[in-house]
Amino acid sequence: MPKRVDHEERRAQIAEALIQVAGRRGLHAVGMRDVAAEAGVSLRLVQYYFETKEKLLFYGLQHLTDRFTARVGARLAAAGPDPGPRAAIEALLLASLPTDEEGRTFHLLYSSYSILSVTDEALAAQPFIDNPDAAENALTGLLEQAKASGLADAGIDARTEAISLLAMTATMGTSILVGQRSPESALAVLRHHLDRIFTPAAGPGAP
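Residues numbered from 1 in each chain as written. Predicted model: local features only at pLDDT ≥ 70, side-chain atom pairs only at ≥ 80, totals over all residues. Heavy atoms only, no water.

## Quick notes on the packing of helix 1 (residues 7–25) against helix 6 (residues 101–119)
Link 1 in the chain: One way to put it is that helix 1 packs onto helix 6 with a least axis distance of 9 Å and a crossing angle of 85°. Of the possible angle classes, the one that applies to helix 1 and helix 6 is roughly perpendicular. The segment helix 1 lies against helix 6, with I19, A22 and G23 engaging R104, T105, L108 and L109.
Link 2 in the chain: Here the residues of the contact of helix 1 with helix 6 sort into four nonpolar, two polar and one charged. (Axes fitted to C-alpha atoms, helices over the stretch in contact; angles between N-to-C directions. Helix = DSSP H or I, 4+ residues; strand = E, 2+ residues; numbered from the N terminus. Parallel < 35°, antiparallel > 145°, perpendicular 65-115°, else oblique. Contact = heavy atoms within 4.5 Å. Nonpolar A, V, L, I, M, F, W, Y, C, P; charged D, E, K, R; others polar.)

What follows is the structure, given as structure tokens:
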């Protein structure tokens, strides 16, 4: 009896291949033939599942976003059952910094996709993040929680601080990628800004 093909598993296999190739060569340089070779399948099979390169990129980057969500979840779990708002914020922000291979790949491909979508109408028409404000909203909620609990400066604007932290983390991620600064110096800058927002009693792991 022929083996039943799991189509979602095969799509995920091809998406992983895209991420691996793009992580080495850059998203702009990846073709469907390259992805097929990396996945160990035929070009025809890649074209069967993804008719165009844009559709392949869209699915692959959705897959990468799912991996990033799992990465944040793992960091939160490692912080304990009730990490508190500061530890939760650190987990979310540090997960996006390219301090290891997975973080490097995520930051590189996320940035590359954003740049490509500026000039590629097909990519711009189908943004790969369903809720682009999800991280901003999550950080805002955590900062509001910290203010209400007396763990953060009552005078801050939670939304503005959330936007600033995300923008700063994204910029520092790029500076790590290009060798301008080390991961350690980026972490020090990030924690300096969190120290400004949070009261002394609200260190990492505080309730």
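Next, the rest of the story.
## Brief notes about the confidence of the model for the chain
Link 1 in the chain: With 90% of its residues at a pLDDT of 70 or more, the chain has an overall mean of 86.
Link 2 in the chain: Throughout residues 201–207 the model reports pLDDT below 50, and contacts reaching past four residues in sequence, or to other chains, amount to 12 contacts. (pLDDT = per-residue confidence, 0-100.)

## Structural notes on helix 2 (residues 32–39)
Link 1 in the chain: Residues M32, V35, A36 and A39 constitute the buried set of helix 2. Projected down its long axis, helix 2 shows its buried positions confined to an angular sector of 100°, all on one face. Summarising the geometry of helix 2, the exposed residues directed more than 90 degrees from the buried face are R33 and A37.
Link 2 in the chain: The secondary structure elements touched by the buried residues of helix 2 are helix 1, helix 3 (43–49) and helix 4 (53–78).
Link 3 in the chain: Backbone geometry just after helix 2 places G40 at a positive phi near 75°. (Buried < 20%, exposed > 50% of the residue type's maximum accessible area, 1.4 Å probe, protein only. Arc of directions from axis to C-beta.)

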